[in-house]
Amino acid sequence: MKKIRVLHFELDENLGGIETFLLNLYKQIDRDNVQFEFVTTAKEAALEEQFLSLGGIIHHVSAHSDIINYYKDVKKLLKSGVDVVHVHKNSAANIVPLLLSKQCGMKKIFVHSHNTAPSIGGVSKILHKINKPYLNKIATKKFACSTQAGNWLFLNDSFEVLSNGIITDNFQFDNSIRERKRKELQLDKNTILIGNIGRFTPQKNQKRAVDIFEVLHSKLMNTKMILVGNGEFMESVSDYIISKNLEKDIFLLGVRYDIPELLMAMDAFLMPSLYEGLPIVSIEAQAAGLPMFLSDTISPETEITDAVSWFALKDSNQKVADTITKVLQTNQYNRAKLLEQVIAKGYDMKTTAIKMLNYYKE
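Please read these numbers as outputs of a predicted model, since none were measured by experiment. (Residues numbered from 1 in each chain as written. Predicted model: local features only at pLDDT ≥ 70, side-chain atom pairs only at ≥ 80, totals over all residues. Heavy atoms only, no water.)

(A) Geometry of the environment of I126. Considering the arrangement of structural elements, one finds I126 in helix α5 (residues 123-138). Taking C-alpha positions, I126 is 9.6 Å from A92, a pair spaced 34 residues apart along the chain. (Helix = DSSP H or I, 4+ residues; strand = E, 2+ residues; numbered from the N terminus.)

Below you can see the structure in the form of structure tokens.
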């Protein structure tokens, strides 16, 4: 039986939510019926080896700045017998794949919103505003990770919220895993570990996480923090930590592939992002049973368990630290039970994969 060829735009060289979502989806979807292919301008895309190990195909194309060759490369791919084009967007700045898909007569052009604000500024922000109406006219099916993400990209057009499903079995809390991972991180049993996972960009606001931790650490000396991820602002955040003399208490771990274990090792998850659609890592953290502290600029649909506490970005660092302290001192959560709430809300990737397969087939 001929497989349905689905061409995904685009993988980045830095690991982010789109790459994580696509890997989880490809792991769970019926790969006997679907062939995933991925476009990237990177020399090596994030998670490239994992995609290849699942039978995925990676197409390396010219850089966006080399617009003529990028155009030629993408057009050649679209004319190679692709059945579905699935474009994942944090911004409408680049709609060349959509324009070419329409020009090549593609019948299935899916656009998937993963954010609630453009991930980059400057000229790209202007292009985003100009291109949104064209994006909406070209797309034959529209998906979003949350209602806010859909309203942001699709204007007043209809769209379907598609849960950012996770492979829930990986996040079932296990105390033996927690103890082993904490030993690897050289943490004693009394250390309170605060965590944040995300690409180092202005959107993720890691410096604010450092500021909040600084106040928390002055109150609770047995606290440590880990920041997981990479990106263009990683060095800047590192310098900021050193300027506050916190380099012995805050650790930058870079890109990691043991996220479930790290989440189990943590005692709280702090996310002061400037904006978010519905971050996959927040679902993973809740599945691992973590108390969550989220800025109110993140989609309210992120609250899928009763372990979420909200704060305003305008709140003082002291106020946020006090909230964290209070929750940690009175925490009555059964970490192993929170996964049940995540599954009940429909965030198991098996469910998402079945829905997505039906859309590719129809």
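There is more to say after this.
(B) Structural detail: the sheet that holds strand β5 (residues 109-113). Strands sit in the order β3-β2-β1-β4-β5-β6-β7 across an open sheet of 7 strands; the sheet is parallel. Of all the strands in the sheet, just β3 (57-60) and β7 (160-161) have a single pairing partner and so form its edges. As defined by bridge partners, strand β1 (residues 4-11) adjoins strand β2 (residues 34-40) across 7 bridges and the pair is classed as parallel. Within the sheet, the bridge partner assigned to R5 lies in β2 and is Q35. (Pairing = 2+ DSSP bridges.)

(C) Up close: the nonpolar core. In terms of nonpolar packing, the biggest core is built from 86 residues, with L25, I29, F36, L263, F269 and Y360 touching the most fellow members. Once you skip the residues sitting within four places of it in the chain, Y360 turns out to touch I4, V6, H8, L25, I29, V34, F36, V84, H86, K108 and F110. Of all hydrophobic cores here, the second largest spans 25 residues; its members include V215, L227, I250 and L328. (Core = buried A, V, L, I, M, F, W, Y, C linked by side-chain atoms within 4.5 Å. Buried < 20%, exposed > 50% of the residue type's maximum accessible area, 1.4 Å probe, protein only. Contact = heavy atoms within 4.5 Å.)

(D) Focus on the pattern of salt bridges. Counted according to the given criterion, the structure contains 19 salt bridges. Between D322 and K219 there is a salt bridge; the shortest N-O distance is 3.1 Å. One end of the pair, D322, is in helix α12 (residues 317-330); the other, K219, is in helix α8 (residues 206-219), and 103 residues separate them in sequence. Bridged by salt links that share partners, the residues R180, K181, E184, R256 and D258 form one connected network. (Salt bridge = Lys/Arg side-chain N within 4 Å of Asp/Glu carboxyl O.)

(E) Spotlight on the sheet that holds strand β8 (residues 192-197). The 6 strands lie next to each other as β10-β9-β8-β11-β12-β13, forming an open sheet whose pairing is parallel. With one partner strand each, in any of the chains shown, β10 (250-254) and β13 (308-311) form the two edges of the open sheet. This sheet shows a mean twist of 25 degrees between the axes of neighbouring strands, independent of strand direction. As paired elements, strand β11 (residues 268-271) and strand β12 (residues 292-295) share 3 bridges and run parallel to each other. Residue M271 lies in a different strand from β12, and its bridge partner there is L294. Packing of α8 onto the sheet brings it into contact with β8, β9 (223-228), β10, β11 and β13, and relative to β9 it is tilted by some 170 degrees. Relative to the sheet, helix α9 (residues 234-243) contacts β9 and β10, its axis offset from that of β10 by approximately 165 degrees. (Axes fitted to C-alpha atoms, helices over the stretch in contact; angles between N-to-C directions.)

(F) Geometry of the pairing of β2. The buried count for β2 comes to 7 of 7 residues, which makes it a mostly enclosed element. Following the backbone out of β1, through helix α1 (residues 17-28) and into the adjacent parallel β2, one traces a crossover that is right-handed. With 4 bridges connecting them, β2 and β3 associate as parallel partners. Bridging across to β3, V39 finds its partner in H59. The parallel pair β2 and β3, bridged by helix α2 (residues 48-53), forms a crossover whose chirality is right-handed. (Right-handed = clockwise from strand over helix to strand, strands pointing away.)

(G) Spotlight on helix α7 (residues 175-184). Within the sequence span of α7, burial applies to R178, K181 and R182. Viewed end-on, α7 has its buried residues packed into an arc of 100 degrees, placing them on one side of the element. For α7, the exposed residues lying more than 90 degrees away from the buried face are E179 and K183. Contact partners of the buried residues in α7: β8 and α10 (259-265). Note on α7: the residue one or two positions beyond its end, Q186, has a positive phi of about 60 degrees. (Arc of directions from axis to C-beta.)

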